[in-house]
Amino acid sequence: YQCRDFDLPISRGRILTTIDVGTSLPAIERRIGIADMVAYAGATWDWHRMHYDMAYVESAGFQAPIVDGQMLGALMAECVQDFLGPDSRLTSLGFRFVTPVMANSVVRCEGVVEFADPTNIKCGLIVHIIGPDGVVESTAATGQAEASLQ
C-alpha cells in the first residue's frame, strides 16, 4: 500500500514536507540508569521494588533492577512527538514487552510511518537493547502509535 502524498506540518525548524508510508522516525537512544528509574517512579507513584531494591531483584533471579516498562512506552511517545512536533497529539499508544531491560542498559527507540493522511498518522515502533559495541542485543518492546495532526 502506498499512501498518497500530503503536505503535513513537521516541526523542529523543518519546512512543511511530505510524510510517506515507510518514512523512518529519527531514533532516540538513551541509557536508563537507577537515578532515571527512581525519578520515573516518583513521577508515576510506581514504587515496585523490582525497579530499585537490589536484594529483592536478586531474590527474584535477576542481576539488576528492571526498568519500569512504562518508561519504554514513554520513550515511544517521545519518539513520535519529536518527529511530528508540538502541533500533533498522540491519540493512541499500544505496546508489548518482549525482553526485560536492566538498569544501566542503553535502549534505542525507532519507528516507521505505516499510514498517513492530512490529519492522522500511524507508526510502528520498536525499542531495542543496545550492547556495549553499539549493536542491537535484543528487542525490548514493540508497539504502534497513532497521532492527529492539527
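Here's what I pulled together on the structure shown here. (Residues numbered from 1 in each chain as written. Predicted model: local features only at pLDDT ≥ 70, side-chain atom pairs only at ≥ 80, totals over all residues. Heavy atoms only, no water.)

## A look at the pattern of salt bridges
Right, so step 1: One pass over the structure, following the stated rule, counts 5 salt bridges.
Right, so step 2: The residue glutamate 110 makes a salt bridge to arginine 108 at a minimum N-O spacing of 3.9 Å.
Right, so step 3: Look at glutamate 110 and you get partly exposed, because its relative accessible area is 28%.
Right, so step 4: Here arginine 108 falls in the buried class, since its relative accessible area comes to 17%.
Right, so step 5: What you see here is one network of salt bridges that share partners, running through Glu29, Arg108 and Glu110. (Salt bridge = Lys/Arg side-chain N within 4 Å of Asp/Glu carboxyl O. Buried < 20%, exposed > 50% of the residue type's maximum accessible area, 1.4 Å probe, protein only.)

## What to know about the pairing of strand S5 (residues 105-116)
Right, so step 1: Here strand S3 (residues 24-32) runs beside S5; their pairing, made up of 7 bridges, is antiparallel. Of the residues in S5, the one forming a bridge with leucine 25 is glycine 111.
Right, so step 2: Inspection of the sheet shows S5 paired to strand S6 (residues 120-130) by 10 bridges, in the antiparallel sense. Each bridged residue has a counterpart across the sheet, and for phenylalanine 115 the counterpart in S6 is lysine 122. (Pairing = 2+ DSSP bridges. Helix = DSSP H or I, 4+ residues; strand = E, 2+ residues; numbered from the N terminus.)

## Focus: the packing of helix H1 (residues 34-44) against helix H3 (residues 69-84)
Right, so step 1: At their nearest, the axes of H1 and H3 sit 10 Å apart, and the two run at 90° to each other. Here H1 is positioned roughly perpendicular relative to H3, judged by the angle of their axes. Together, Asp36, Met37 and Tyr40 of H1 and Gln70, Met71 and Ala74 of H3 make up the contact between the two elements.
Right, so step 2: Residue classes in the contact of H1 with H3 are distributed as 4 nonpolar, 1 polar and 1 charged. (Axes fitted to C-alpha atoms, helices over the stretch in contact; angles between N-to-C directions. Parallel < 35°, antiparallel > 145°, perpendicular 65-115°, else oblique. Contact = heavy atoms within 4.5 Å. Nonpolar A, V, L, I, M, F, W, Y, C, P; charged D, E, K, R; others polar.)

## Comments concerning H3
Right, so step 1: Over its 16 residues, H3 extends 23 Å from the first C-alpha to the last, a length consistent with the 22 Å expected when each residue adds 1.5 Å.
Right, so step 2: Those residues of H3 lying buried are Gly69, Met71, Leu72, Gly73, Leu75, Met76, Ala77, Cys79, Val80, Phe83 and Leu84.
Right, so step 3: Residues of H3 that are buried make contact with S3, H1, strand S4 (88-97), S5, S6 and strand S7 (136-149).
Right, so step 4: Two or three places before glutamine 70, at the start of H3, stands the capping residue aspartate 68, its side-chain oxygen 2.9 Å from that residue's backbone nitrogen. (Expected span 1.5 Å × (residues − 1). Polar contact = N/O pair within 3.5 Å; in protein donor to acceptor, adjacent residues only side chain to side chain.)

This is a description of form; function is not addressed.
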